[in-house]
Amino acid sequence: KNPFSRSDYLYRSRLYRDTAQPAKAIADLTKVIEIPANKGGHVDWNLDQTLFDRANLYFAIHDYAHAIADYSKIIELDDDSEDAYQKRGDCQFALGQYKKALDDYNLALKHEVDPTAESYSARANVYEKLGKPELAAKDRKAAIEAQQKR
């Protein structure tokens, strides 16, 4: 019998994350995800958040393919997740897949109740890469306005 419960793996993954051991943190988060929902001890556990934590770790170590897979799974579970669209767009941008990044940033902005300066700035960067300086300038202006609202 495995002595570790879901909460043990979650706690240890955070310790690994906080001590700059992303590979070990990812391994523990993977174990958390693999434990059947009705097993692993009582814990306030959220699959979306666990996937998001793991995706962010993948992003931090530039493993964009795995990060994209996790952000995509979050979107499958909750297609209103503006954060997952935003972060998946960041991955696409890092990979030079600007049209896919633009699609994700557009979806992030669509789902945001109060669009952020970060979202507009990210999309402006894509427009620059796609040779659309007018649209980039428009989004940079929107980013400034969004920041001033905060």
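Details of the structure are given in the entry above.
The subject of this paragraph is the overall build of the protein chain. Each helix and strand in the protein chain was counted, giving eight helices and zero strands. Seen in sequence order, the protein chain has helices and strands lined up from the N terminus as α-α-α-α-α-α-α-α. Considering the protein chain as a whole, with its 150 residues, one finds that 39% of them fall into the buried category. Taking all contacts inside the protein chain whose residues are at least 6 apart in sequence as the whole, residues at least 24 apart take part in 45%. For the protein chain, the accessible area works out to roughly 8,800 Å², and carbon and sulfur atoms hold 51% of it. Distance between charge centroids for the protein chain: 3 Å, based on 23 positive and 25 negative side chains.

Right, let's get into the pattern of salt bridges. For the structure on display, the rule yields six salt bridges. For the salt bridge of Arg88 with Asp104, the shortest nitrogen-to-oxygen distance reads 2.7 Å. Taken together, the residues Arg88 in helix α5 (residues 82–94) and Asp104 in helix α6 (residues 98–111) connect sequence positions 16 residues apart. Of the two residues, Arg88 and Asp104, both sit in the buried class. In this structure, the salt-bridge partner of Arg123 is Asp139, at a minimum N-O distance of 2.5 Å. Within this pair, whereas Arg123 is found in helix α7 (residues 117–129), its partner Asp139 is found in helix α8 (residues 133–149), the two being separated by 16 residues in sequence. When sorted by exposure, Arg123 lands in the same class as Asp139, which is buried.

For the rest of this paragraph, the subject is helix α4 (residues 64–77). The terminal C-alpha atoms of α4 lie 20 Å apart, and with 14 residues this matches the ideal 20 Å at 1.5 Å per residue to within 8%. Of the positions making up α4, those classed as buried are Tyr64, Ala67, Ile68, Asp70, Tyr71, Ser72, Ile74 and Ile75.

With 17 residues, α8 extends 24 Å from end C-alpha to end C-alpha; this agrees with the ideal 24 Å at 1.5 Å per step. Of the positions making up α8, those classed as buried are Ala136, Asp139, Ala142, Ala143 and Ala146. Along the axis of α8, the buried residues cluster in a sector spanning 120 degrees; they form a single face. Exposed and oriented more than 90 degrees from the buried face of α8 are Glu134, Lys138, Lys141, Ile144 and Gln148.

Attention now moves to the side chain of His111. Looking at where His111 falls in the secondary structure, it is placed in helix α6. In terms of polar contacts, His111 uses its side chain to reach the backbone carbonyl oxygen of Asp79, at 3.3 Å. Polar contacts involving the side chain of His111 include one to the side chain of Asp80, which spans 3.0 Å.

What follows deals with the environment of Arg14. Here Arg14 shows up in helix α1 (residues 6–18). Arg14 gets classed as partly exposed once you look at its relative accessible area, which sits at 39%. Taking the C-alpha atoms as reference, Arg14 lies 9.3 Å from Asp53; in sequence the two are 39 residues apart.

Working note: a packed helix pair is described by the angle between its axes plus the distance between those axes. Two elements in contact, α5 and α7, have axes whose closest approach is 11 Å; the angle formed by their N-to-C orientations is 25 degrees. Considering their axes alone, α5 and α7 lie roughly parallel with respect to each other. Viewed along their axes, α5 and α7 form a crossing whose handedness is left-handed. Contact residues: α5 offers Gln86, Asp90 and Phe93, while α7 offers Glu118, Ser119, Ala122, Asn125, Val126 and Lys129. A breakdown of the residues in the contact of α5 with α7 according to their chemical character gives three nonpolar, three polar and three charged.

What counts, and at which threshold
- Residues numbered from 1 in each chain as written.
- Predicted model: local features only at pLDDT ≥ 70, side-chain atom pairs only at ≥ 80, totals over all residues.
- Heavy atoms only, no water.
- Helix = DSSP H or I, 4+ residues; strand = E, 2+ residues; numbered from the N terminus.
- Buried < 20%, exposed > 50% of the residue type's maximum accessible area, 1.4 Å probe, protein only.
- Contact = heavy atoms within 4.5 Å.
- Areas by Shrake-Rupley, 256 points an atom, 1.4 Å probe, with all protein chains shown as cover.
- Lys, Arg positive; Asp, Glu negative; His and termini not counted.
- Charge placed at Lys NZ, Arg CZ, Asp CG, Glu CD.
- Salt bridge = Lys/Arg side-chain N within 4 Å of Asp/Glu carboxyl O.
- Expected span 1.5 Å × (residues − 1).
- Arc of directions from axis to C-beta.
- Polar contact = N/O pair within 3.5 Å; in protein donor to acceptor, adjacent residues only side chain to side chain.
- Axes fitted to C-alpha atoms, helices over the stretch in contact; angles between N-to-C directions.
- Parallel < 35°, antiparallel > 145°, perpendicular 65-115°, else oblique.
- Left-handed = near helix turned anticlockwise from the far one by under 90°.
- Nonpolar A, V, L, I, M, F, W, Y, C, P; charged D, E, K, R; others polar.

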